[in-house]
Structures are given as structure tokens and as C-alpha cells.
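# Notes for the structure review
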Amino acid sequence: MADATAGQTVTACNAPGGFSRLARLTGVNWRGALAVVAFVLGWELLVRFKALGFAAVPGPLESLTAFWATYASKASYWESWFASFRRVVAGFVLAQLLGIPLGLFLGTRERLRELMFPVLELMRPIPPIAWVPLSILFWPTHELSIIFITFIGAFFIIVINVHDGVRTIKQEHLWLARSLGAGEAMIFRRIVLPSVLPAISVGMTLGIAVTWNVVIAAEMIAGDNGLGRLTWEGYVSHTSTVVIIGMVSIGFAGYLSSALVSWLLHKLTPWRA
Amino acid sequence: MMMQTSATTGLASNATAAQQAVPVSPLAPRRRQGHLVVQGVSKRFAQRDSAPAEVLRDCSFEVEPGRLTVLMGPSGCGKSTLAYLLAGYLAPDAGSLTIDGMPITQAGPDRMLVFQETALWPWMSIVENVMFGPLARGDMSRAQARQAAEALLQKFGLVGFGDRYPSQLSGGMKRRAELAQALINSPKVMILDEPFRGLDVMTRELMQEYYVQLFEETQLTTLFITTELEEAIFLADRIVFMGTAPGRIVRGLEVDLPHPRTIGSMTSERYLEIKKDAMATLIEYGAVSTD
């Protein structure tokens, strides 16, 4: 246990039959589960006792009741999920499809790198949300604008990561393949690509998190539907339970996509235990 | 570690007509081949903010066929650069490098280099790493390559580890897998660049004995690079000493200890004489401090 260094936790860890043992036996992170319960309980209490700032905030119980009563069976709620997911997937996948090859080219072709890198470096610091107005002017539909902004969010991250990945390939790995008689195409396929997979991995993990940030913000500004829009509508219509339902849904959606990406990456790089 | 010669005999039928010039089995005793000649080689490396660094100056030496030549010198004297030149990864600024009279112009499976740090590809299993060479060149079918690889893994005490990834093997096992990866190509010369650096003392000694046995068995022309004097004398038929800044060849020393070498070789009087002689050279060229 990493936290065993703190004085007070040492005893807890050493205590026979503690959470460590329970976790080992059941395979469940009981500490984490307890923290979630404590968080929800604390939130409920703050709302009940009308703590400072919590006067207009709905409690978890109220939100959950509203969710079960109205939203769980409401088609439009699940359509919000679907709309947001579709945008995330479209923007994310597009970013990988264009960004990975571009990163590979930039990493392997010095001329191309010199040509394109300054442009990338200038565009990269612009937050995806700053692209919203231009995007709306440029694309014929709001749907395309949102997908474009989501794409921007993941695109630069993957390009830079793949580019760095290519440039840190171990020279020995390439030399050895040359000694063994492999041609350029084979070296690319069997050595360069797998070498870059860990960097792609990092780019995707960071990218999927950013795409959710971006898609929600873009939906709030320009969306007709989606989880971001749902949350915003809750606010403008003074139904604060909807704000909570929206936020928690976004949390789950983001967690789900990250888990999916990390599962996929694990399958792609089985040698990384 | 025991050597099993029987494991290799089954490979004889795998050789194609094109390979007749090289030994049939990766582990069969070599005909005397793989004569490396380095003649007047110099190498500079461009540096970003200063004048080019002179790494090697007018280096000349030979690696005689069927012998184990050790290249010894202080860290940073350009030993690895010489290895890369011989492997054909780099080109010299001046001088020539030849193998059996042919100029070395590019990398090739006749000169296999075992790198200082493991160069096994982490994304391939051990057996895939070993099979890579013959498959890349189309020398063997997949089945043949697999059979040859398995035989070598058995020889190197790696039975049952073929399907593991390199990260799942110990340092010594990785080194043995790399020997298999090189030997499956029936190289004319093995170049080992401080191959046992970073291994613990026990494993290192085992690996030295291991390589000596392999060498006695195959007579595979070897250039072995090291900074360790004991290792050098234990392994070498001949030691070539390098000086530093810029790297240059300072002396050749014949090591006439009898074969086969064992740990016992290191207690003989002749061993101590050679060691004393070698120490004098190292001290003269600043490879060891005098205190």
C-alpha cells in the first residue's frame, strides 16, 4: 500500500482483517467505495443543514429520485447520451485517423517537420473552445462544428505524442533490424509502429479526456442536444436536479470512455504488463 | 551451464543452396572466416555548438578468423563507435574496414552486434525475436525458422521461455536470447559490445563461462568489447588496447593461456603475468588510476 507511509494509516494497514484483506478477498477497492459513500453522505448533509452556498443545490437523494421518476425511462435523456457519445467518438476517431499518420510523418521526415512544426506550435496553444465561433461560421451545421471542435481537442495531443514517440525510438532497435536484413517497409511495420504504440497510448488517454471536456462545453454553447445541453437547460429552466443529473451522467460517460480506451490500448500492447 | 551439442544437429537439412558458403548449422564449428581488418580509421561527430568531436584517430587492428579478440579501453574511448563502424551502421571519415577482404559498406547478418543494453524488441515474444532475421530475409519458412529458433533456445537454456516477452526475462536470460537471435543467422563474426555490463557478478561470471564454451565449440570469430580486465584475459586470445581522447589503438597483447578456459585458468601463474603486463598498459594510458 502506497499510503502506508503516513503515520496514522500504518496501523490501519497492519490491522488484521482490515480493508486490505477485504480488498484482497473480494477484488473490490473498498476504501474507494467507502469514500464515494462518504462523499454522497456529506453532500446530503450539507444540503439538509443548508450550509453556506448549498441553499439552491439539490441533494443526491432528491436528484436520484428525480432521475428514477422522470429521466431513467425518458427517451430524450438517453438520446442526450447518444448524441454526446457520437460527437466524442467522431471527433476522437477522426483525430486519431489524421493525427497518427501526421505524427509519424513529422517524426520521420525532417523537411516536413521543419515546414509544419511552427504552424502546429502556433495553433496548439489555442484552446479548443476558442475555435467555437470560427467553427460555427465555417461549418454548415452546428453538429459538424461541435465534432470539429472535439476533433481539435484530441488532434494536437495525438500529433505531438506520436511525433515525440517516433523521435525517441531506440536506435539499436532500428539497427538490429537492418543487420538482420529487414527492408524499409518491414522496419516501419514491425519496428517503428510498435515502438510508437506506447506514445499513441498516452496521446489517446489524454485525448479522450479532453474530448469530453470540449464536447460538453461546445454543447452548452452551440448544441441542440447532448449531455452538455441537458445540464445547461437544467440551469436556465431553474431545475437544478437536472444540472446534477447532467453532471453525474457526464462523469459516468467520461469514465466509461476512458475505461474503453485503456482496455483497447491494453489489447494493443500486450507486452506492457 | 551445460552445453548440449545434440540439439543442433537436426538443423543441417534447413540450409539452402544459397547458404552453402556459411556453416550449415548456426552452431557448427566455423570454417575460418570473418577476418576483420580495420585500417587507418578515423571518425568525427558533428556537434551543435562546438567543433566536431574527434572520436577515433587512425585506428588499425585485425580480428583474426576463429579467434576471440577483446577490445579494451576506458569508457568513452570510442569502442562502441568502432563496433558500429564494423557493423556498418556508421561510415568512417578516413580509412577502411573490410571483412574477408570485402569492404564493409552496410549492415548485414554476416556481422552480428550484441548491444550494450538489450536490443530485443519488447513487443515480440522471445521466439519471434529470434526468428526475425531468417524470416526478414526469406531464408527460411516460418516452420523452419521456428524449429531453428526452438533448437537455439533449448541450447541456451531458454526452453519454455520462447513465448514470453523480453520484459519477463532476467538480464542473463535476455543476453542468451540475444545470442540466439544473432546466431540463428550463422554470422561470420560476432561483435559483443560490453554485453555483460549491468549484470550482477554471479550472472556475469556464468555468462563469461557460457560464452567461452560457445566459442570453444563454434570457433566463431569474435570481437568482444569490455572495460573489465579480468573478463578480457579470461576470454581473449588477443587483447587490443585503446587509449582515449581521441580513441586510438595503443597495443596488442597475445593471451596464450591454454584452451579450454575455465575459472581455474584465472589462478595460473601465466594469468597473473599477463594481468600484470596488461595493468601496466592500462595505467600508462590512463584507463585505471594508480592509487
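From a predicted model like this one, the values you see are computed outputs, not experimental measurements.

## A short note on the overall build of chain A
When its secondary structure is counted, chain A shows 12 helices and zero strands. Scanning chain A from its N terminus toward the C terminus, one meets helices and strands in the order α-α-α-α-α-α-α-α-α-α-α-α. Across its three principal directions, the C-alpha atoms of chain A cover 70 × 60 × 30 Å. Relative to its full complement of 273 residues, chain A shows a buried share of 30%. Excluding contacts between residues fewer than 6 apart, the proportion of contacts in chain A whose partners are at least 24 apart in sequence is 69%.

## Section: the domain arrangement of chain A
Partitioning chain A into structural domains gives domain 1 (2–57) and domain 2 (69–268). Taken over C-alpha atoms, the centre of domain 1 of chain A sits 33 Å from the centre of domain 2 of chain A.

## Digging into the packing of helix α11 (residues 227–236) of chain A against helix α12 (residues 240–268) of chain A
All names here are of chain A. In contact at an axis separation of 7 Å, α11 and α12 are set at 160 degrees when each is read in the N-to-C sense. Our classification of the angle between α11 and α12 gives roughly antiparallel. The element α11 and its partner α12 pack so that their crossing is left-handed. Seen from α11, the contacting residues are Leu227, Leu230, Thr231, Glu233, Gly234 and Tyr235; seen from α12, they are Ser240, Val242, Val243, Gly246, Met247, Ser249, Ile250 and Ala253. Of the residues that constitute the contact of α11 with α12, the class distribution is eight nonpolar, five polar and one charged.

## What to know about the confidence of the model for chain B
Residues and elements named next belong to chain B. Looking at chain B, pLDDT values average 83 and 87% of them are 70 or higher. Mean pLDDT across the elements of chain B bottoms out in strand β10 (residues 248–254) (81) and peaks in helix α2 (residues 126–137) (94). This model gives residues 1–23 a pLDDT under 50, and the stretch forms 32 contacts once residues within four places in sequence are excluded. Two numbers describe this predicted complex: its pTM, 0.79, and its ipTM, 0.84.

## A few points about the packing of helix α5 (residues 75–108) of chain A against α11(A)
All names here are of chain A. Here α5 crosses α11 at 130 degrees, and the two axes come no closer than 7 Å. Relative to α11, α5 is oriented oblique. When α5 is examined against α11, the residues Ser80, Trp81 and Ser84 are found in contact with a partner set consisting of Leu227, Gly228, Arg229 and Leu230.

## Things to note about the pairing of strand β7 (residues 189–193) of chain B
Residues and elements named next belong to chain B. Most of β7 sits out of view: five of its five residues are buried. Both faces of β7 are covered, namely the face carrying Val189, Ile191 and Asp193 and the face carrying Met190 and Leu192. Sheet analysis places strand β6 (residues 111–114) next to β7, joined by four bridges and oriented parallel. Note on β7: the bridge partner recorded for Arg111 is Val189. For the crossover that starts at β7, traverses helix α5 (residues 201–218) and ends in the parallel strand β8 (residues 221–226), the hand is right-handed.

## Examining the interface of chain A and chain B
The interface of chain A with chain B comprises 14 residues on the first partner and 19 residues on the second. Broken down by secondary-structure element, the contributors of at least two residues to the side of chain A that touches chain B are α9 (171–179) and α10 (184–222) of chain A. Broken down by element, the residue count for the side of chain A that touches chain B peaks at six residues, all from α9(A). Among the residues making up the side of chain A that touches chain B, the classes are represented as nine nonpolar, three polar and two charged.

## A look at the sheet that holds strand β1 (residues 36–45) of chain B
Residues and elements named next belong to chain B. Reading across the sheet, the four strands line up as β2-β1-β4-β5 and stay open at both edges, with antiparallel pairing between neighbours. The outermost strands of the open sheet, each flanked by one partner alone, are β2 (53–63) and β5 (102–103). Bridge analysis of strand β4 (residues 94–99) against β5 gives two bridges, and the strand direction is antiparallel. Bridge pairing in β5 links Thr98 to Pro103.

## A look at α9(A)
Within the sequence span of α9(A), burial applies to A:Leu176, A:Ala177, A:Arg178 and A:Ser179. Looking at the buried residues of α9(A), the elements they touch are α10 of chain A together with α1 (79–87) and β6 of chain B. Immediately downstream of α9(A), the backbone of A:Gly181 shows phi near 95 degrees, a positive value.

## So, the nonpolar core
In this structure, B:Leu86, B:Val130, B:Ala149, B:Leu152, B:Leu153, B:Ala180 and B:Ile191 are the most contacted members of the largest nonpolar core, which totals 86 residues. At seven residues, the largest contribution of residues to this core is made by α2(B). Here B:Ala149 is in contact with B:Val127, B:Val130, B:Met131, B:Ala180 and B:Ile184, once residues within four sequence places are set aside. Counting 40 residues, the second-largest nonpolar core is a separate cluster that includes A:Val88, A:Ile100, A:Ala154 and A:Ile250.

## With respect to the sheet that holds β7(B)
Residue and element names in this part refer to chain B. The six strands lie next to each other as β6-β7-β8-β3-β9-β10, forming an open sheet whose pairing is mixed. On the outer flanks of this sheet lie β6 and β10, each paired with one strand and no other. For this sheet the average axis-to-axis angle between neighbouring strands, irrespective of direction, equals 20 degrees. Its contacts with the sheet place α1 against β3 (68–72), β6, β7, β8 and β9 (238–243), and it is angled at close to 155 degrees to β7. Helix-sheet contacts for helix α7 (residues 269–284) involve β9 and β10, and the interaxial angle to β10 is about 170 degrees.

What counts, and at which threshold
- Residues numbered from 1 in each chain as written.
- Chains lettered and ligands numbered in written order.
- Predicted model: local features only at pLDDT ≥ 70, side-chain atom pairs only at ≥ 80, totals over all residues.
- Helix = DSSP H or I, 4+ residues; strand = E, 2+ residues; numbered from the N terminus.
- Buried ≥ 20, exposed ≤ 12 C-beta atoms within 10 Å, placed from the backbone.
- Contact = placed C-beta atoms within 7 Å.
- Domains from an automatic or database assignment.
- Axes fitted to C-alpha atoms, helices over the stretch in contact; angles between N-to-C directions.
- Parallel < 35°, antiparallel > 145°, perpendicular 65-115°, else oblique.
- Left-handed = near helix turned anticlockwise from the far one by under 90°.
- Nonpolar A, V, L, I, M, F, W, Y, C, P; charged D, E, K, R; others polar.
- pLDDT = per-residue confidence, 0-100.
- Pairing = 2+ DSSP bridges.
- Right-handed = clockwise from strand over helix to strand, strands pointing away.
- Core = buried A, V, L, I, M, F, W, Y, C linked by C-beta atoms within 7 Å.

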